[in-house]
Amino acid sequence: MTAQQPLFVGGSWVEPDGGHYEVTDPASEETVGWAPEASRDQVLAACAAAREAFGPWSRTAPEERAAVLGRAAGIIAGRLKEYASLAQAETGATLGTARALQVGVAAARFRRYARTEPAEWAIPPQINEAGPMGKAGVMGALAVRQPVGVVTCVTSYNNPWANPAGKVAPALAMGNTVVVKPAPQDPLSVYRMAQALEEAGVPPGVVNVVSGRSTGVGEAAVAALDVDMVSFTGSTAVGRRIAEVCGRDMKRQLMELGGKGAAVVFDDADLRSAVAGIGTTFSFYSGQICTAPTRILAQRGIYDRLVEQLIAYADRLKVGDPREPDTVVGPVISQAHRDRVESYVELGRKEGAVVVAGGERPDLPTGFYVAPTLLADCTNDMRVAREEIFGPVVVVVPFDDEEEGIALANDTDYGLIDYVWSGDVARAFRVARLLRAGGVGVNTVGRNMEAPFGGFKQSGVGRDVGSYALHAYSEVQAIVWPG
């Protein structure tokens, strides 16, 4: 695993101008491998290669593009153990997460977009009356989906397989070419994905991967004149800067940004279900996920019981080496990020929150671990209740009635995914419709992978997943003719 990884540009594996940097296992703190540091010129060369490849690839029959994606899905699935082992080493994910939710989901996404879908549809004829524009007549029309062009995909560190696959697969299916800029913490998995696509028969230049710790790598990949669209997953702060650059050249954007998901738990909720769902914040990627229910709004009738059950749940979770089969909570991605999460816990104490579970660093010899932490007696104006912590930390805020619960849930800069737990299904759906979020889970944290995914407010721009991703990576062209 310690070999020096080259860049992938224009169908060739290229030595990086900036040398290599160390990729560290967040559990063992050992070296996983050496990632390439691209120069600005190499990033621009990757964008130029994608531009050159765009014409032929966009004119390739959709069925042929789909066949390439299908073969890539088969290659990834066939190397599940190998790829999951690398993903686990790079991210600190538990074995089940690395296999099923990282590599497994990536294979599923390539398989999903290997299904071709209609890219055009007829519009009912329209009768136009005579006027200054011409004689009366019947006008026919067709709406056609066209690829956007060259797409820069800037991916997140929490899932180096599913996240880039969710961008690359639909973009390629629609006839776009891509330049992938992976997160600097765990880029090696993305190069394995490029290798699988190369073996699957993707033509040179259609897929390019350039990495680096320097912010200049991402900036060049976003600002390059050859790029028509940027697809980004990451923090709202970085997304805002990318949007400013895209705005100058009118580049299309797909932004999946931060979240501070509210879980509104009513008095009549099934607390066992609510606790199990909320508890995924502690275990799923060690809380490093934007969709996590990190802000619990508990109606006063069940507040004390919910807090007690969450304490018991958090205390049962084993924190430790993700390679051990009974480990539930692995490390966060880096020492710097652990320090950030811990600083938020300390901030919560200063703001008046009560740390009722966790709050202390686990006593482990190596690794960047954070104990599952629960902050009770919070108010919605505390920074720990308003800012994305991105770790295994949950805050609990009490509320009195339905109106207050909805108001508190919506009192946030974010709006990615919220949750409602109630035994009254009619009320749960009524409340869901009033929440200002791109998605709402009713009595579940589960996802429907064909449902549109994206955020309101500062949680993003646009929607992807399922057919919505095909829409996101395409332009709509109208063709009109006299009938």
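Residue positions within a chain follow its written sequence, with the count starting from 1. Restriction of local features to residues with pLDDT of at least 70 applies here, the model being predicted, together with a cutoff of 80 or more for giving and counting side-chain atom pairs; totals for whole chains, interfaces and linings are based on all residues. As a rule here, side-chain values come from all non-hydrogen atoms in the structure, and water together with hydrogens is ignored.

A.B. asks: Could you give me a rundown of the overall build of the protein, with the residues and numbers involved?
C.D. replies: Segments assigned H or I by DSSP are reported as helices when at least four residues long, segments assigned E as strands when at least two residues long, and all are numbered from the N terminus. Scanning the protein from terminus to terminus reveals 16 helices and 20 strands. Its C-alpha radius of gyration of 24 Å places the protein within 12% of the 23 Å reference for a compact globule of 483 residues. Seen through its principal axes, the protein has C-alpha atoms that stretch 70 × 65 × 40 Å. A contact between two residues is defined here by any heavy atoms of the two lying within 4.5 Å. Long-range pairs, those at least 24 residues apart, make up 72% of the contacts in the protein between residues at least 6 apart in sequence. Based on C-alpha atoms, the radius of gyration is set beside the globule rule, defined as 2.2 Å times the residue count to the power 0.38.

A.B. asks: Can you tell me about the sheet that holds strand S14 (residues 354–357), naming the residues and giving the values?
C.D. replies: Two strands qualify as a pair provided that DSSP identifies no fewer than 2 bridges between them. Within the open sheet, the seven strands sit side by side as S14-S15-S16-S13-S12-S17-S18. Their pairing is mixed. The open sheet terminates on both sides in strands that have one partner only, identified here as S14 and strand S18 (439–442). Each strand of the sheet is rotated relative to its neighbour by a mean of 25°, with strand direction disregarded. Only C-alpha atoms enter the line fits that serve as axes; for helices the fit covers just the stretch in contact. Angles between N-to-C directions range over 0 to 180 degrees.

A.B. asks: Can you tell me about empty space enclosed by the protein, naming the residues and giving the values?
C.D. replies: Cavity means a closed set of points on a 1 Å grid over the protein atoms alone, one where a 1.4 Å probe fits but cannot get out, pocket means an open set with protein on both sides within 12 Å along at least 5 of 7 lines, and lining means a residue has an atom within 4 Å of a point. Grid points are joined across faces, edges and corners, and a volume is the space filled by probe spheres set on the points. Taken as a whole and assessed by the stated rule, the structure comprises three cavities of 30 Å³ or more. The calculated volume of the largest cavity comes to roughly 110 Å³. Surrounding the largest cavity, 16 residues form its lining, Thr91, Gly92, Ala93, Tyr285 and Gln288 being those nearest its centre. When the residues that make up the lining of the largest cavity are grouped by side-chain class, the tally is six nonpolar, 10 polar and no charged. Its boundaries defined by the atoms lining it, the second largest cavity holds a volume of some 80 Å³. In terms of lining residues, the second largest cavity is bounded by Gly259, Lys260, Gly287, Ile289, Cys290, Ala292, Thr294, Glu388, Ile389, Phe390, Gly391 and Val393. Residues are sorted three ways: Asp, Glu, Lys and Arg are charged, Ala, Val, Leu, Ile, Met, Phe, Trp, Tyr, Cys and Pro are nonpolar, and all the rest, Gly among them, are polar.

A.B. asks: Talk me through the environment of Asp401; I want residue IDs and the actual numbers.
C.D. replies: Its place among the elements puts Asp401 in the loop between strand S16 (393–399) and helix H14 (402–410). It is 8.7 Å that separates the C-alpha atoms of Asp401 and Phe266, two residues lying 135 residues apart in sequence.

A.B. asks: Tell me about the sheet that holds strand S20 (residues 474–482), and name the residues and values.
C.D. replies: If you walk across this open sheet you meet the three strands as S5-S6-S20, and the pairing is antiparallel. Edge positions in the sheet fall to strand S5 (120–128) and S20, since each of these pairs with one other strand and no more. Across the sheet, the axes of successive neighbouring strands diverge by a mean angle of 25°, strand direction being ignored. As judged from the seven bridges shared by S5 and strand S6 (residues 137–147), these two strands associate in the antiparallel manner. Paired with Trp121 across the bridge in S6 is Ala143.

A.B. asks: How would you explain the layout of surface pockets if you had to name every residue and give the values?
C.D. replies: Its boundaries defined by the atoms lining it, the second largest pocket holds a volume of some 380 Å³. As for the second largest pocket, its lining consists of 22 residues, and the residues nearest its centre are Arg65, Glu117, Ala119, Ala173 and Met174. Secondary-structure elements contributing two or more residues to the lining of the second largest pocket are helix H1 (40–59), helix H2 (62–78), S6 and helix H16 (466–472). The leading source of residues in the lining of the second largest pocket is S6, at four residues.

A.B. asks: Kindly report on the pairing of strand S13 (residues 295–299), identifying the contributing residues and their values.
C.D. replies: For every residue, the accessible area obtained with a 1.4 Å probe (protein chains only) is divided by the maximum for its type, and the residue is called buried under 20%, exposed over 50%, and partly exposed between those limits. With respect to burial, S13 is a largely interior element, five of its five residues being buried. Across the two faces of S13 the burial is the same, with Arg295, Leu297 and Gln299 and Ile296 and Ala298 all buried. One ladder, built from four bridges, connects strand S12 (residues 262–265) with S13; its direction is parallel. Bridge pairing links Ala262 to Arg295 in S13. For S13 and S16, the ladder comprises five bridges, and the chain directions are parallel. When the sheet's bridge partners are listed, Arg295 is paired in S16 with Val395.

A.B. asks: Run through a nonpolar patch on the surface, naming residues and quoting values.
C.D. replies: Distance thresholds for patches are 9 Å for like charges and 5 Å for nonpolar side chains (Val, Leu, Ile, Met, Phe, Trp, Tyr), applied to residues having over 30% relative accessible area and no salt bridge. In these tables, accessible area is a Shrake-Rupley quantity obtained with a 1.4 Å probe, and a residue counts as shielded only by the protein chains included in the view. Salt bridge, as applied in this entry: a Lys or Arg side-chain nitrogen positioned within 4 Å of an Asp or Glu carboxyl oxygen. Judged by side-chain polarity, Trp121, Ile123 and Val476 come together as a nonpolar surface patch covering roughly 270 Å² of accessible area. Relative to the assigned elements, Ile123 resides in strand S5. Ile123 sits in the partly exposed class, given a relative accessible area of 36%.

A.B. asks: Outline the pairing of S18, supporting the account with residue identities and numerical values.
C.D. replies: Two strands pair when backbone bridges link them, and strand S17 (residues 417–421) and S18 are joined in this way by four bridges, in the parallel orientation. Bridge pairing in S18 links Ile417 to Gly439. Orient the strands so they point away from the viewer; a crossover is then right-handed if the path from the first strand over the helix to the second runs clockwise. The parallel pair S17 and S18 is bridged by helix H15 (residues 425–434), and the resulting crossover is right-handed.

Everything listed here is a matter of coordinates, which is why it stays silent on function.
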